[in-house]
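Observations on chain architecture
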Amino acid sequence: MRKLLYCILICNLLFMLSALSILTNTSRVVHAATFQAAISSTTLGRGDSGKVSSWTNAHYFTRHGPPVSIELTFDDGPNPIYTPLILHILARYHIHATFFTIGRQVQSYPSLVRQEHQQEDVVGNHSWSHPDLTRLTLQAIHTQLQATSVAIQRATGASPLFFRPPYGSTNAQVRRVASQLGLQQILWTIDTRDWQRPGVNQIVHTVLTQATNGCIILMHDGGGNRSQTVQALPLIITGLLQRGFTFTIV
Ligand SMILES: [Zn+2]
């Protein structure tokens, strides 16, 4: 009698385990199908080789747990070629980002900065001409940051509240001058190194393997050929959405 009870117990256990396994697999298939659909719907989101199969790996899009947020930032713009493409992608996914703009380019392309502002993206200060601020005099740091804030204010009607020092190079003096101009320093936590043009898949891989709650991702919309960044962006966005991330701005 006891043997029979044991047998029934083990059979029930095995049945429950197999049911659980079917449920998990079904959920994964649904995730994969949704992810494929998201990728198929984008025309820009193709890797260097035109293949996207490597981004269907399960570990990129199965996530359960509390809500997580992440922030996209773009430096060294505005750029007449790449900034409009990035703005178009952000608008398509209803996502907002932060642009750390260079003052002299704001002066050259004010309408792009205005568009960033109108799309409710954050326009930040990235100095006038991208020097290492820690090597400048106090007065020169002030001029670099103030002239940029004035250019942004002229273009958008609003003074910037945030700045990112070029190269992430900063010290107490830089922070003090910025603070006097009402600017809070924002650095980053994930460096995509997109400016080195490591390949679309590598840029996407860097973000999706390092993404954690509260991360700030560094990318570039200016300063050189940013076509890889533009191609990587839809894959980064869909990959992060699949992992349950929401996008925030500073
Ligand atoms: Zn920069």
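Look up: the structure comes first, before these words.
Residues numbered from 1 in each chain as written. Predicted model: local features only at pLDDT ≥ 70, side-chain atom pairs only at ≥ 80, totals over all residues.

Considerations on helix H6 (residues 172-180)
We count it as follows: Working definition of burial: number of other C-beta atoms within 10 Å of the residue's own, with buried at 20 or more, exposed at 12 or fewer, and partly exposed in between, all C-beta atoms being placed from the backbone. The secondary structure listing takes helices from DSSP runs of H or I that are at least 4 residues long and strands from runs of E that are at least 2 residues long, numbered from the N terminus. By definition, the arc is the one covered by directions from the helix axis to the C-beta atoms.
Taken together, the buried positions of H6 are Val 174, Val 177 and Ala 178. The buried residues of H6 all sit within an arc of 100° when viewed along its axis, so they share a single face. H6 presents Ala 172, Arg 176, Ser 179 and Gln 180 as exposed residues on the side facing more than 90 degrees away from its buried surface. Once H6 finishes, Gly 182 follows within two positions and takes phi at roughly 75°, a positive value.

Re the packing of helix H5 (residues 138-156) against H6
As a reminder of what qualifies: Every axis corresponds to a line fitted to the C-alpha atoms, with the helix fit spanning only the stretch in contact, and the corresponding angles, defined between N-to-C directions, vary from 0 to 180 degrees. Relative orientations are named as follows: roughly parallel for angles under 35 degrees, roughly antiparallel for angles over 145 degrees, roughly perpendicular for angles from 65 to 115 degrees, and oblique for any other angle. Here a crossing is taken to be left-handed if its near helix is turned anticlockwise relative to the far helix by less than a right angle, and right-handed if that turn runs clockwise. A pair of residues counts as a contact when their C-beta atoms, built from backbone coordinates, are within 7 Å of each other. The nonpolar class holds Ala, Val, Leu, Ile, Met, Phe, Trp, Tyr, Cys and Pro. Asp, Glu, Lys and Arg form the charged class, and all remaining residues, Gly among them, are polar.
Where H5 contacts H6, the axes come no closer than 10 Å and their chain directions differ by 50°. Classified by the interaxial angle, the pair formed by H5 and H6 is oblique. Here H5 runs over H6; the crossing is right-handed. Counted together, Leu 138, Ile 141, His 142 and Leu 145 of H5 and Gln 173, Val 174, Val 177 and Ala 178 of H6 form the full contact between these two elements. Residue composition of the contact of H5 with H6, grouped by class: 6 nonpolar, 2 polar and no charged.

Things to note about the packing of helix H4 (residues 110-118) against H5
As a packed pair, H4 and H5 sit with axes 8 Å apart at the nearest point and diverge in direction by 70°. Judged by the inter-axis angle, H4 sits roughly perpendicular to H5. On H5, the residues that touch Pro 110, Val 113, Arg 114 and His 117 of H4 are Ile 152, Arg 154, Ala 155 and Thr 156. Taken together, the residues that form the contact of H4 with H5 break down as 4 nonpolar, 2 polar and 2 charged.

Digging into the nonpolar core
To keep it simple, the criterion reads: The nonpolar core criterion groups buried Ala, Val, Leu, Ile, Met, Phe, Trp, Tyr and Cys residues into a set whenever they are joined through C-beta atoms within 7 Å.
One finds Ile 86, Val 204, Ala 232, Leu 233 and Ile 236 to be the most contacted residues of the largest nonpolar core, which totals 45 residues. In terms of residue count, helix H8 (residues 227-242) provides more of this core than any other element does, 7 residues in total. Ignoring sequence-local partners within four residues, the contact set of Leu 233 consists of Ile 86 and Ile 89.

Here we look at unusual backbone geometry
With an omega dihedral of 0°, the bond running from Gly 77 to Pro 78 counts as a cis peptide bond. Among the structural elements, Pro 78 can be located in the loop between strand E1 (68-77) and helix H2 (82-92). Positioned with a positive phi, His 130 is a non-glycine residue whose angle comes to about 60°. Residue placement: His 130 occurs in the loop between strand E3 (122-125) and H5. Of note, Tyr 167 is a non-glycine position whose phi angle comes to about 65°, a positive value. Locating Tyr 167 in the fold gives a position in the loop between strand E4 (162-163) and H6.

Digging into the pairing of strand E7 (residues 215-220)
Put simply, the rule reads: At least two bridges found by DSSP between two strands are what make those strands a pair. The definition of a right-handed crossover adopted here requires that, viewed with the strands pointing away, the path from the first strand over the helix to the second runs clockwise.
In this sheet, E7 lies alongside E1 in parallel orientation, the contact comprising 6 bridges. Paired with Asp 75 across the two strands is His 220, which belongs to E7. One ladder, built from 2 bridges, connects strand E6 (residues 190-191) with E7; its direction is parallel. Within E7, the residue paired with Ile 190 across the bridge is Ile 217. Handedness of the crossover joining E6 and E7 through helix H7 (residues 200-210): right-handed.

Just geometry here; none of it tells us what the structure is for.
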